[in-house]
Amino acid sequence: MKPKTLFDKIWDSHVVRSIADGPDVLYIDRHYIHEVTSPQAFNGLKERGIPVFRPAKTLATADHNIPTKDQHLQIRDELSRNQVEKLNENCLKYGIELFGLNHSKNGIVHVIGPELGYTLPGMTIVCGDSHTSTHGAFGTIAFGVGTTEVEMVLATQCILQPKPKKMKITVNGNLHKGVTSKDIIMHIISEISASGATGYFVEYCGSAIKSLSMEARMTICNMSIEMGARGGLIAPDEITFEYLRELPSIPGIDNINVSISDWKKLGSDPEAIFDRELEFKADSIKPMITYGTNPGMGMAIDGSIPLSDVKNGKASVSFIKSLDYMGFKPGMKLLGHQVDYVFIGSCTNGRIEDFRAFAQIIKGRKKAANVTALIVPGSKKVEEQLASEGLLETFKNAGFEVRQPGCSSCLAMNDDKIPAGKYAVSTSNRNFEGRQGPGARTLLASPLTAAAAAITGVITDPRNYISEKIS
Amino acid sequence: MAKVKYDILESTCVPLPLENVDTDQIIPARFLSATSREGFGDNLFRDWRYKKTGEKNNEFILNNSKYGGKVLVAGKNFGSGSSREHAVWAIFDYGFRAVISSFFADIFMNNALNNGLLPIVINDDHLQKLQDLVLKDPSTKVKIDLEKQTLKIIPTGDSVRFEINPYKKECLLKGLDDIDYLLSMKSLITSFEKTKSLEI
């Protein structure tokens, strides 16, 4: 038999029909929905007068458009409230399980899916959200779709999708202290650009990837979309199975060991062919920070902003416009530059390990007076963990306020906006113009780098604050 | 449900010569709270079209009355970032029926095709020439023939062929709907589910 990649194995086993010269009809095992990109899809079903085909395969949460303060009160913004209510109505009407606002299992869709055992190896997963790639950490084909495709899945549990090309990204070696999985993926994106993987689905391999925890792997897969990839995935291994074994329950699975023996067969065959292969060395990666307005505009924290985006040539209009927006100049160093806001949270870095990392540096120190910090857990479960592990106490003692779960300042649909012109070191995934509020200036970084900025009030190398044993 | 058939399109163009225009620029997140597909055109490129004070930004090309038409000539890597289909709805609602670039983000491309907005990919050189031409002479018209897969620059007579998935082309030309197509396949999907559950 022809050797296959992990991606091929999952994709091929989910093709209901291949259309000649067209896309494949792909069966979807798990469909996540949220309040922002689903209402128009439900309207479509209503207009057609059809039901949801397989309601048990869809799971809903409210995360993008909810406040992170006083969640027990009515949502103040009328349009936001209406959107959240529409989700409640639609889920009730169509028989879809909903972990809505104030539910004990509520949280960001890409945080709760994995932590509640809904994301499992070998699955096809879609959601009307580009960061659906997060779930690839479990060895799934997971990708973001538009609302028309959300309607397709609700109506038929399938979507029409052209098969992407395959890219293999290998990262070997050991990470230095103070360097996290966020820095690995930011380094890769800065090397290949914000469109360097468009048209591809990426498999991450190599010793540096395989040594990461599931949460760290999710951070990597999460940002696959930031280099244009449809998604990214990692072959399931003992670390994956251990994570799943430790979950209190997995919906639909009685004996996980039977499933594990199937999942073990999923990895890419040794001779499988990829359309493109790239290699990186973990020990050459430093803590990263972005300086521009797309995630490809990143550099080592102790580096200087490049003089141009064109090698040995004149900078493009887009490059100049971007630095102008940020208030930076080509060749500038960022260490020591003032920071006004720090945001820790999002589907990229809103899990318990991220807050533990943040706490390592915060513990016993005080927040800088000039910094406003938004600490937003990714889910109710993470919020509970913060309390039970004493991290809430650590944050409070250092002068930080902890919010309630949600997407929050990552896309600033709610009130958690960064004011125009202010600099925010953010553990989220996008530094687009206005992403965190009109005129806001976002500097993407790891939770460690965010912590170092939070206590010093300026862009700071986190390696100055960590002992050798932590890496 | 039948959709509008995609006819031959002849129009002037609006040039937007910027790279990496992401969907947050096309439609900022704070305008995504609506629950219908209509009306997003008012907020297309909101933060570029309007100043912080709410006044029109006359430097932005959409506010320049010299330029208009149903074709947006964009820069490389157009539509990156968020999967929000609202970006396509906004462009369509504003009045555009085609976007030309040398490179589109994958999800944006799918969303455009699903909404009757034709994404046309031409190479960097052709794109640069078209940008220059349109910027210099706003009356420059193009003729888009989806059936023949050609983009003709009317004043120069140059014609460029573009690629499109044959299935999607047929859907656009005939006004066919993907969901109708999938619904017609339900018995096949049901039998697929049965074989799949035996497998694992």
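Up top you'll find the structure we're talking about.
Keep in mind that what you see is a predicted model, and the values were worked out from it rather than measured. (Residues numbered from 1 in each chain as written. Chains lettered and ligands numbered in written order. Predicted model: local features only at pLDDT ≥ 70, side-chain atom pairs only at ≥ 80, totals over all residues. Heavy atoms only, no water.)

Undergrad: An account of the overall build of chain A is requested, with residue identities and associated values reported.
TA: Helix and strand counts for chain A come out as 16 helices and 18 strands. Here the C-alpha atoms of chain A give a radius of gyration of 21 Å, agreeing with the 23 Å that 2.2 N^0.38 yields for 471 residues. Within chain A, the proportion of its 471 residues that are buried is 66%. Taking contacts inside chain A between residues at least 6 apart in sequence as the whole, the part at least 24 apart equals 75%. As presented, chain A carries roughly 16,300 Å² of accessible surface, and 50% of it is formed by carbon and sulfur atoms. Averaging the coordinates of the 52 positive side-chain charges in chain A and doing the same for the 51 negative ones gives two points 2 Å apart. (Helix = DSSP H or I, 4+ residues; strand = E, 2+ residues; numbered from the N terminus. Rg over C-alpha atoms; globule rule 2.2 N^0.38 Å. Buried < 20%, exposed > 50% of the residue type's maximum accessible area, 1.4 Å probe, protein only. Contact = heavy atoms within 4.5 Å. Areas by Shrake-Rupley, 256 points an atom, 1.4 Å probe, with all protein chains shown as cover. Lys, Arg positive; Asp, Glu negative; His and termini not counted. Charge placed at Lys NZ, Arg CZ, Asp CG, Glu CD.)

Undergrad: For the pattern of salt bridges, give the residues involved together with the corresponding values.
TA: Residues and elements named next belong to chain B. Taken as a whole and assessed by the stated rule, the structure comprises 34 salt bridges over all chains. Where Lys168 meets Asp178, a salt bridge forms, and the shortest distance between an N and an O atom there is 2.5 Å. Here the residue Lys168 occupies a position in helix 6 (residues 166-174), and Asp178 occupies one in helix 7 (residues 178-183), the gap between them amounting to 10 residues. Both residues of the pair, Lys168 and Asp178, count as buried. (Salt bridge = Lys/Arg side-chain N within 4 Å of Asp/Glu carboxyl O.)

Undergrad: Account for the sheet that holds strand 11 (residues 231-233) of chain A, naming residues and giving values.
TA: Residues and elements named next belong to chain A. Spatially, the 4 strands line up as an open sheet ordered 11-10-9-12, and their pairing is parallel. The outermost strands of the open sheet, each flanked by one partner alone, are strand 11 and strand 12 (276-281). Taking each pair of neighbouring strands and ignoring which way they run, the sheet shows an average axis angle of 20 degrees. The pairing of strand 9 (residues 165-172) with strand 10 (residues 200-205) spans 6 bridges and is parallel. Counterpart to Met167 in the pairing with strand 10 is Val202. In the packing of helix 6 (residues 181-192) onto the sheet, contacts are made with strand 9, strand 10 and strand 12, and the angle to strand 12 comes to roughly 125 degrees. (Pairing = 2+ DSSP bridges. Axes fitted to C-alpha atoms, helices over the stretch in contact; angles between N-to-C directions.)

Undergrad: Describe unusual backbone geometry, with residues and values.
TA: The phi dihedral of A:Ser346 is positive, around 85 degrees, even though this residue is not glycine. Assignment of secondary structure puts A:Ser346 in helix 12 (residues 346-349). At B:Asn77, a position not held by glycine, the phi torsion is positive, near 60 degrees. By the secondary structure assignment, B:Asn77 is in the loop between strand 2 (71-74) and helix 3 (86-94). Take B:Asn77: its relative accessible area is 2%, and that puts it in the buried class.

Undergrad: Give a detailed account of the sheet that holds strand 1 (residues 9-16) of chain B, specifying residues and quantitative values.
TA: All names here are of chain B. Reading across the sheet, the 7 strands line up as 4-3-2-1-5-6-7 and stay open at both edges, with mixed pairing between neighbours. Looking at which strands have only one partner, the edges of the open sheet turn out to be strand 4 (118-121) and strand 7 (159-161). Ignoring strand direction, the axes of neighbouring strands in this sheet form an average angle of 30 degrees. Sheet analysis places strand 1 next to strand 2, joined by 4 bridges and oriented parallel.

Undergrad: If you had to explain the packing of aromatic side chains to someone new, which residues and values would you point to?
TA: The description of an aromatic ring pair uses the distance of the two centres, along with the angle that the planes make with each other. A complete count under the given rule lists 20 aromatic pairs over all chains for this structure. Measuring from ring centre to ring centre gives 6.4 Å for A:Phe241 and A:Trp263, while their planes differ by 20 degrees; the resulting arrangement is stacked. One end of the pair, A:Phe241, is in helix 9 (residues 238-245); the other, A:Trp263, is in helix 10 (residues 256-263), and 22 residues separate them in sequence. A:Trp263 shares its class with A:Phe241; the two are buried. Aromatic side chains B:Tyr94 and B:Phe96 sit 5.4 Å apart centroid to centroid with 20 degrees between the ring planes, which places their arrangement in the stacked category. Take B:Phe96: its relative accessible area is 0%, and that puts it in the buried class. Positioned above the aromatic ring of B:Tyr50, the side-chain terminus of B:Arg46 is 4.4 Å from the ring centre. (Phe/Tyr/Trp six-rings, centres within 6.5 Å; stacked < 30°, edge-to-face > 60°. Lys NZ or Arg CZ within 6 Å of the ring centre and 35° of its normal.)

Undergrad: A description of a negative patch on the surface should follow, citing residues and the corresponding values.
TA: Taken together, the side chains of A:Glu47, B:Glu38, B:Asp42 and B:Asp93 present a region of like negative charge at the surface. Following the sequence through the fold, B:Asp93 ends up in helix 3. For B:Asp93, a relative accessible area of 39% puts it in the partly exposed group. (Patch = residues over 30% accessible without salt bridge, like charges linked within 9 Å, V, L, I, M, F, W, Y side chains within 5 Å.)

Undergrad: Tell me about the side chain of A:Asn414, and please be specific about residues and values.
TA: All names here are of chain A. Relative to the elements of secondary structure, Asn414 occurs in the loop between helix 15 (391-397) and strand 17 (423-426). For Asn414, a relative accessible area of 6% corresponds to the buried category. For Asn414, the side chain forms a polar contact with the main-chain oxygen of Ile66, separated by 2.9 Å. At 2.9 Å, the side chain of Asn414 and the backbone nitrogen of Asp416 are in polar contact. Not counting residues within four places of it along the chain, the set of residues in contact with Asn414 comprises Ile66, Pro67, Thr68 and Ser408. (Polar contact = N/O pair within 3.5 Å; in protein donor to acceptor, adjacent residues only side chain to side chain.)

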